[in-house]
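Each chain is listed here by its residues.
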Amino acid sequence: MILVSACLAGHQCRYDGSSCPDPEVLEMIKSFRALPVCPEEYGILPIPRFPSEIVGGNGENVLDGSAWVVDSRGNDVTSNYVEGAVKVLKLALSMDVQKVIFKRYSPACGCGFIYDGTFRNRLKIGDGVCSALLKRNNIIIESK
Ligand code: SF4
């Protein structure tokens, strides 16, 4: 069993209430090989919500307390992202999950590159908060 970003599995959990279904992920869900999770929903953020990005660093820095997640209105939603990441990690550890397939560029699920905190659709190097926490626990992230 692996975990996948719920929006890749067709759940309408993105900030604007949309999804981004991926055929491979949908097939894995259909054959009971994957479980969908949304770290932002686990962090008790509503749908729809304002889009969020990490400022001052990346997901690693958020976990260390030196960067923040803010929404496009300037609200600090860092604690929601950390709470969601911790819940996903607990689930992954309880299921002995070794690998996840996560949505690219997201401030929660992104891996390798994330939006740069300017809300101008630009990228910077780094992981989202949940991906950073899973990586710290030796879980492999595949990005889609
Ligand atoms: S937190 Fe992850 S699963 Fe949830 S909407 Fe964002 S990218 Fe998709």
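Now for a description of the structure that goes with this document.

Definitions and limits used
Numbering of residues starts from 1 in each chain and follows the order in which that chain's sequence is written. Totals for whole chains, interfaces and linings use every residue, but because this is a predicted model, local features are given only for residues with pLDDT of at least 70 and side-chain atom pairs only at 80 or more, for both listing and counting. Water and hydrogen atoms were dropped before computing side-chain values, which therefore reflect all heavy atoms in the structure. Secondary structure elements are taken from DSSP: a helix is a run of H or I of four residues or more, a strand is a run of E of two residues or more, and numbering for both begins at the N terminus. Every radius of gyration here is taken over C-alpha atoms, with the globule rule written as 2.2 Å times N^0.38, N being the number of residues. Note on classification: 1.4 Å probe, protein chains only; a residue is buried when its accessible area is under 20% of the maximum for its type, exposed when over 50%, partly exposed between these limits. Here, a salt bridge means any side-chain nitrogen of Lys or Arg that lies within 4 Å of a carboxyl oxygen of Asp or Glu. When we say a residue is near a molecule or strand, we mean one of its heavy atoms is within 4 Å of it. By the convention adopted, Pro, Cys, Tyr, Trp, Phe, Met, Ile, Leu, Val and Ala count as nonpolar, Lys, Arg, Asp and Glu as charged, and the other residues, Gly among them, as polar. Take the buried residues of types Ala, Val, Leu, Ile, Met, Phe, Trp, Tyr and Cys, join any two whose side-chain atoms come within 4.5 Å, and each joined set is a nonpolar core. The patch calculation keeps residues exceeding 30% relative accessible area without a salt bridge and links them within 9 Å when they carry like charges or within 5 Å when they are nonpolar (Val, Leu, Ile, Met, Phe, Trp, Tyr). All accessible-area figures derive from a Shrake-Rupley calculation using a 1.4 Å probe, and residue coverage is judged against the displayed protein chains alone. For this analysis, a ring pair means two rings from Phe, Tyr or Trp (six-membered ring only for Trp) whose centres lie within 6.5 Å, classed as stacked if their planes differ by under 30 degrees, edge-to-face if by over 60, and tilted for the remaining angles. It only takes one pair of heavy atoms within 4.5 Å for two residues to be counted as in contact.

**Some thoughts on the overall build of the chain**
Helix and strand counts for the chain come out as five helices and eight strands. The linear arrangement of helices and strands in the chain, starting from the amino end, is β-α-β-α-β-α-β-α-β-β-β-α-β. Taken over the C-alpha trace, the chain has a radius of gyration of 14 Å; the compact-globule value for 144 residues is 15 Å, and the two agree within 12%. Seen through its principal axes, the chain has C-alpha atoms that stretch 40 × 30 × 25 Å. For the chain, with 144 residues in total, the buried portion stands at 46%.

**Comments concerning the pattern of salt bridges**
With the rule as written, the count across this model stands at nine salt bridges. Measuring nitrogen to oxygen at the nearest pair gives 2.4 Å for the salt bridge that ties Arg-49 to Glu-40. Arg-49 gets classed as buried once you look at its relative accessible area, which sits at 12%. The exposure class of Glu-40 is buried, given its relative accessible area of 12%. Lys-99 serves as the salt-bridge partner of Glu-142, at 2.9 Å between the closest nitrogen and oxygen. Of this pair, Glu-142 sits in strand S8 (residues 140–143) while Lys-99 sits in strand S5 (residues 99–102), and the two are 43 residues apart along the sequence. Classification of Glu-142 by relative accessible area gives partly exposed; the value is 27%. According to the relative accessible area criterion, Lys-99 is partly exposed, its value standing at 30%. Taken together, the salt bridges that share partners define one network made up of Asp-22, Glu-24 and Lys-144.

**A look at the site of the ligand**
In the region of the ligand, 14 residues are neighbours, and Cys-7, Cys-13, Cys-38, Glu-40 and Cys-109 sit closest. In terms of residue class, the shell around the ligand is made up of eight nonpolar, two polar and four charged.

**Points about the nonpolar core**
Counting 26 residues, the largest nonpolar core has Val-100, Phe-102 and Leu-134 as its most contacted members. Of all the secondary structure elements, the ones that give two or more residues to this core are helix H4 (78–94), S5 and helix H5 (129–136). Per element, the largest residue contribution to this core is five residues, and it comes from H4. Counting 13 residues, the second-largest nonpolar core is a separate cluster that includes Cys-7, Leu-8, Val-25 and Ala-34.

**Some remarks on a nonpolar patch on the surface**
Taken together, the side chains of Met-1, Leu-35 and Met-95 define a hydrophobic patch exposed on the protein surface, amounting to about 240 Å² of accessible area. You can see Leu-35 is positioned in strand S2 (residues 34–37).

**Focus: the packing of aromatic side chains**
The tally for this structure, following the rule as stated, stands at one aromatic pair. Taking 5.7 Å as the distance between ring centres and 70° as the angle between the ring planes, the aromatic pair formed by Tyr-105 and Tyr-115 counts as edge-to-face. Here Tyr-105, found in the loop between S5 and strand S6 (113–115), pairs with Tyr-115, found in strand S6; they are ten residues apart in sequence, far enough to count as distant.

**Considerations on the environment of Gly-56**
Along the polypeptide, Gly-56 turns up in the loop between strand S3 (52–55) and helix H3 (59–64). According to the relative accessible area criterion, Gly-56 is exposed, its value standing at 59%. Once the C-alpha coordinates of Gly-56 and Asp-116 are considered, the two residues, 60 residues apart in sequence, prove to be 9.1 Å apart. With residues near it in sequence (within four places) discarded, Gly-56 still touches Ser-66, Ala-67 and Lys-124.

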